Amino acid sequence: MPVTARWIGGFVRWLLKGCKTSLQDEVEDNLDATWGGSYNTENYIIGVVTVIIILGIVLPLVLMDKIPPNKHLYRLLHPSKLTLTVQ
């Protein structure tokens, strides 16, 4: 997992830099660290944060139909299922 997180962090950092540096340099710790002590540490932190953000977005979307919805949230997401009562 740490190697994967560092690779993901290097890839994200490479994308954020506009693909101007070498992807190999980003992933293999060939550049100078700026804020985290070492480039591997920085890539690891960026990778872990990226995975948390992706899981935080993807899992709720995938599991939305499997979890019983909150009544108010359900009304917002499915306006066609609204029932109107006339008094």
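Heads up: the structure comes first, above all this text.
Calculation rules
Residues numbered from 1 in each chain as written. Predicted model: local features only at pLDDT ≥ 70, side-chain atom pairs only at ≥ 80, totals over all residues. Heavy atoms only, no water. Helix = DSSP H or I, 4+ residues; strand = E, 2+ residues; numbered from the N terminus. Buried < 20%, exposed > 50% of the residue type's maximum accessible area, 1.4 Å probe, protein only. Contact = heavy atoms within 4.5 Å. Salt bridge = Lys/Arg side-chain N within 4 Å of Asp/Glu carboxyl O. Axes fitted to C-alpha atoms, helices over the stretch in contact; angles between N-to-C directions. Parallel < 35°, antiparallel > 145°, perpendicular 65-115°, else oblique. Nonpolar A, V, L, I, M, F, W, Y, C, P; charged D, E, K, R; others polar. Expected span 1.5 Å × (residues − 1).

**Q** Please explain the overall build of the protein as it appears in this structure.
**A** Each helix and strand counted, the protein has 4 helices and 0 strands in total. Starting at the N terminus and walking to the C terminus, you meet the elements of the protein as α-α-α-α. Looking at the 87 residues of the protein, the share that counts as buried comes to 16%. Here the contacts in the protein between residues at least 6 apart in sequence split such that 36% fall between residues at least 24 apart.

**Q** Looking at this structure, I do not really get the pattern of salt bridges. What am I missing?
**A** If charged atoms from side chains of opposite charge come close, those side chains can pair. Across all of its chains, the model carries 2 salt bridges by this definition. A salt bridge links Arg-13 to Glu-42; the shortest N-O distance between them is 2.7 Å. Highlighted residues: Arg-13 in helix α1 (residues 2-16) and Glu-42 in helix α3 (residues 39-63), separated in sequence by 29 residues. Judged on exposure class, the residue Arg-13 and its partner Glu-42 are both buried. Across the salt bridge formed by Lys-17 and Glu-26, the nearest N and O atoms sit 3.0 Å from each other. In this structure Glu-26 comes out as buried when scored by relative accessible area, which is 0%.

**Q** Just to check I follow, could you spell out the side chain of Thr-50 for this structure?
**A** Mapping Thr-50 onto the fold places it in helix α3. Apart from residues no more than four positions distant in its own chain, Thr-50 is found in contact with Ile-8 and Val-12.

**Q** Sorry if this is basic, but what is going on with the packing of α1 against α3 here?
**A** Relative placement of two packed helices is described by the angle separating their axes and the distance separating the axes. Contact geometry for α1 and α3: axes closest at 6 Å, N-to-C directions at 90°. Comparing the axis directions of α1 and α3 gives the class roughly perpendicular. Of the residues in α3, those in contact with Pro-2, Ala-5, Arg-6, Ile-8, Gly-9, Gly-10, Val-12 and Arg-13 of α1 are Tyr-39, Asn-40, Glu-42, Asn-43, Tyr-44, Ile-46, Gly-47, Val-48, Thr-50 and Val-51. In the contact of α1 with α3, the residues fall into 9 nonpolar, 6 polar and 3 charged.

**Q** Just to check I follow, could you spell out unusual backbone geometry for this structure?
**A** Outside of glycine, negative phi angles account for most residues, and trans bonds account for most peptide bonds. A positive phi angle is found at Cys-19, which is not glycine, with a value near 60°. Within the element layout of this structure, Cys-19 appears in the loop between α1 and α2 (23-27).

**Q** How do you make sense of α3 when you look at a structure like this?
**A** Residues lying three or four places apart along an α-helix face the same way, a consequence of the helix completing one turn every 3.6 residues. Taking 1.5 Å per residue, 25 residues should reach 36 Å; α3 reaches 35 Å between its end C-alpha atoms and fits that length. Taken together, the buried positions of α3 are Tyr-39, Glu-42, Asn-43, Ile-46, Gly-47 and Thr-50. Buried-residue contacts for α3 involve α1 and α2.

Purely geometric stuff here, so don't read any function into it on its own.
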